[in-house]
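Next come the chains, spelled out residue by residue.
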Amino acid sequence: MAVDARHLRESATPGQARAVSGSVDERPAIVEARQVEKRYDTGQLEVQALRGVSVSVRVGEMLAIMGPSGSGKTTLLNCLSGLDRIDGGDVVIEGVSLASMSDDERTDYRARRMGFVFQFYNLMPVLSAVENVELPLLVSRVPARRARAQAMDALDMVGLTARADHVPEELSGGQRQRVTIARALVNNPAIVWADEPTGDLDSENAQEIVALMRRLNRERGLTFLVVTHDISVGRATDRIVRMMDGEIVDEEFLEVAE
Ligand SMILES: Nc1ncnc2c1ncn2[C@@H]1O[C@H](COP(=O)(O)OP(=O)(O)O)[C@@H](O)[C@H]1O
Ligand SMILES: [Mg+2]
């Protein structure tokens, strides 16, 4: 991804975002992927979506995965988070190999320890903001009163207390995405996975969402892996990993000004 790298260097104003040697590298890894391979077999055509990808995500890190459309970003997120099975290599999360878990164990682990944010919100249209946020807790059989209290706390973290009773269509795109982030936070996850979280937002709302994720990362030490093709999102993170044709081709550590 030579083009992107050049663009980043040219647009990185001194003091705003500059490449530094990796202090984040000192922290322990929460996710370790080794030589991960993923193939999609669509009958006639076999697509090698990941060609031996090795990457670690550090505790408390905010990491951006960038690269052109079709380069394997979503596939990598799905494979690292255990949403999708891998065809080779290994993914170790909090010291446990995903391959050693059964489907049920992986599902349970995701519900307990992970949060997800996607481009198109995936909110239930008939449920209010607070009902959407508490839903994963109710599914995990958390008692209703406790679920409601945790959901209100999560909405508070994203600044949406006043909108708790609104259904998604009464909210702006930015507010909907904040509800999604609250839902991702509600189980106090070890890591939040976000796939193009600003992809459906205008630039103002996109900046607000990035700033919110960055604040949650800084203030709560929350680990984020963010897939994005928006360089302004990438630049707000600790590290950009660039993909091309199913491989990691570049890595850049950033230091963002307070
Ligand atoms: N379910 C699928 N079946 C077949 N091919 C797929 C599937 N999902 C992704 N691919 C292919 O895998 C490659 C990587 O896709 P993806 O991870 O979605 O890329 P990105 O998120 O970077 O745009 C692409 O060539 C895409 O067409
Ligand atoms: Mg994608």
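Residues numbered from 1 in each chain as written. Chains lettered and ligands numbered in written order. Predicted model: local features only at pLDDT ≥ 70, side-chain atom pairs only at ≥ 80, totals over all residues.

The next subject is the overall build of the protein chain. Regarding its fold elements, the protein chain presents eight helices and 11 strands. Evaluated residue by residue, the protein chain yields a buried proportion of 39% over its 258 residues. (Helix = DSSP H or I, 4+ residues; strand = E, 2+ residues; numbered from the N terminus. Buried ≥ 20, exposed ≤ 12 C-beta atoms within 10 Å, placed from the backbone.)

So, about the sheet that holds strand S2 (residues 29-42). Pairing is antiparallel in the open sheet, where four strands are placed in the order S3-S2-S5-S6. The open sheet has two edge strands with one neighbour each: strand S3 (45-58) and strand S6 (96-97). The sheet contact formed by strand S5 (residues 88-93) and S6 spans two bridges and is antiparallel. Looking at S6, one finds that Ile93 is bridged to Val96. (Pairing = 2+ DSSP bridges.)

One can describe the packing of helix H6 (residues 173-185) onto helix H7 (residues 203-220) by two numbers: an axis separation of 9 Å at closest approach and a directional angle of 20°. Viewed along their axes, H6 and H7 adopt a mutual orientation that is roughly parallel. Where H6 crosses over H7, the two elements pack in a sense that is right-handed. The segment H6 lies against H7, with Gly173, Gly174, Gln177, Arg178 and Ile181 engaging Asn205, Glu208, Ile209, Leu212 and Met213. Residue composition of the contact of H6 with H7, by class: four nonpolar, four polar and two charged. (Axes fitted to C-alpha atoms, helices over the stretch in contact; angles between N-to-C directions. Parallel < 35°, antiparallel > 145°, perpendicular 65-115°, else oblique. Left-handed = near helix turned anticlockwise from the far one by under 90°. Contact = placed C-beta atoms within 7 Å. Nonpolar A, V, L, I, M, F, W, Y, C, P; charged D, E, K, R; others polar.)

Taken together, Tyr40, Thr42, Val47, Ala49, Gly67, Ser69, Gly70, Ser71, Gly72, Lys73, Thr74 and Thr75 make up all the residues around ligand 1. Secondary structure elements with two or more residues in the shell around ligand 1: S2, S3 and helix H2 (73-80). Counting residues per element, the shell around ligand 1 draws most heavily on H2, which supplies three residues. In the shell around ligand 1, the residues fall into three nonpolar, eight polar and one charged. (Near = placed C-beta within 6 Å.)

Attention shifts here to the environment of Asp103. Note on placement: Asp103 falls in helix H3 (residues 103-113). As a C-alpha pair, Asp103 and Arg85 span 18 residues in sequence and 9.7 Å in three-dimensional space.

Further remarks concern the pairing of S2. Strand direction decides the pairing type here: S2 and S3, joined by 11 bridges, are antiparallel. Within the sheet, the bridge partner assigned to Glu37 lies in S3 and is Arg51. Connecting the antiparallel pair S2 and S3 is a turn made up of two residues, with Gly43 showing a positive phi of about 80°. As paired elements, S2 and S5 share five bridges and run antiparallel to each other. When the bridges of S5 are listed, Arg34 appears paired with Asp90.

Attention shifts here to H2. Most of H2 sits out of view: seven of its eight residues are buried. Residues of H2 that are buried: Lys73, Thr75, Leu76, Leu77, Asn78, Cys79 and Leu80. Downstream of H2 by a residue or two, Gly82 has a phi angle that is positive, lying close to 80°.

Let us now look at the pairing of strand S8 (residues 191-195). Along S8, five of the five residues are buried, which leaves the element largely enclosed by surrounding structure. Both faces of S8 are covered, namely the face carrying Ile191, Trp193 and Asp195 and the face carrying Val192 and Ala194. Looking at chain direction, strand S7 (residues 114-118) and S8 are connected through five bridges and run parallel. Within the sheet, the bridge partner assigned to Met114 lies in S8 and is Ile191.

Here the phi dihedral of Asn188 falls at roughly 50°; this positive angle occurs in a residue that is not glycine. By the element assignment, Asn188 lies in the loop between H6 and S8. Positive phi values are uncommon outside glycine, yet Asp245 reaches one of about 45°. Considering the arrangement of structural elements, one finds Asp245 in the loop between strand S10 (239-244) and strand S11 (247-256). With 14 C-beta atoms packed within 10 Å, Asp245 lands in the partly exposed category.

The analysis is restricted to geometry; functional conclusions fall outside its scope.
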